[in-house]
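# Structural characterization, general
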Amino acid sequence: MNRTFHSEAEIQQFAQTLAHYVQNLKHSIVIYLEGDLGAGKTTLARGFIQTFGFQRVKSPTYSLVESYQNQTISIHHFDCYRLSDPEELEYIGIREYSTGNHIQLIEWAELGKGMIAPADLIIHISGEDNSRTLALTAQSNIGEKLLQFLETA
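The structure contained in this document is the topic of the report that follows. All of these numbers come straight from a predicted model, not from anything done at the bench.

About the cut-offs
Residues numbered from 1 in each chain as written. Predicted model: local features only at pLDDT ≥ 70, side-chain atom pairs only at ≥ 80, totals over all residues. Heavy atoms only, no water. Buried < 20%, exposed > 50% of the residue type's maximum accessible area, 1.4 Å probe, protein only. Helix = DSSP H or I, 4+ residues; strand = E, 2+ residues; numbered from the N terminus. Pairing = 2+ DSSP bridges. Contact = heavy atoms within 4.5 Å. Axes fitted to C-alpha atoms, helices over the stretch in contact; angles between N-to-C directions.

Another aspect to go through is the pairing of strand β2 (residues 29-34). Judged by how many residues are buried, β2 sits mostly within the fold: 5 of 6 residues are covered. By the bridge criterion, 4 bridges tie β2 to strand β6 (residues 121-128) in an arrangement that is parallel. Across the sheet, residue Ile31 finds its bridge partner in β6, namely Leu121.

Below, the structure is given as structure tokens:
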């Protein structure tokens, strides 16, 4: 499924729609965010996370992971861009982030290959200026449910 957006506000709205549906699933979900530097991966993640009331959303580029938790949700936003070896994820306790009903948003997932959970949904972002195309690919039954919902939303 492909969707084209012409402003950051439209991407934020899409992220909010996705977040609301993910919350209703009450299931662990792994979403890979792919695209070149500056494509909008962190912008999409920020919109997703802010939907749950977390106003201060930082990029995890230097910390590798930023977690957002409250009584209803547990979100972990990873950025593997600065990894020199996927084994580094073991040091931050990567396995603990996939227990329970956690949501993982993972940027640069290919750099953490072998250590991160497989994706339920892959969102590849491309484009230039204010226009972005999101190519969504399901990788599991949960991912299929997400796509079906987003096609009708």
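Turning our eyes to something else, we now look at the pairing of β6. Pairing of β6 with strand β7 (residues 131-138) involves 8 bridges; the strand directions are antiparallel. Its bridge partner lying in β7, Leu121 is registered against Ala138.

So, about helix α2 (residues 41-50). Taking burial as the measure, the 10 residues of α2 include 8 buried ones, the bulk of the element. For α2, every residue scored as buried is listed here: Lys41, Thr42, Thr43, Leu44, Ala45, Gly47, Phe48 and Ile49.

Its location among the elements puts Ser74 in strand β4 (residues 74-79). Among the residues examined, Ser74 registers a relative accessible area of 11% and is labelled buried. Not counting residues up to four positions away in its chain, the partners in contact with Ser74 are Tyr68, Gln69, Asn101, His102 and Ile103.

The 7 strands are arranged β1-β7-β6-β2-β5-β4-β3 in an open sheet whose pairing can be described as mixed. Where the open sheet ends on each side, the last strands, each with one partner, are β1 (2-5) and β3 (65-69). Direction aside, the axes of adjacent strands within the sheet are offset by 15° on average. By the bridge criterion, 4 bridges tie β1 to β7 in an arrangement that is antiparallel. Residue Thr4 lies in a different strand from β7, and its bridge partner there is Thr133. Sheet contacts for helix α1 (residues 8-25): β1, β2, β5 (103-107), β6 and β7; angle to β1, the most-contacted strand, approximately 140°. Lying over the sheet, helix α4 (residues 141-152) contacts β1, β2, β6 and β7, oriented at roughly 135° with respect to β7.

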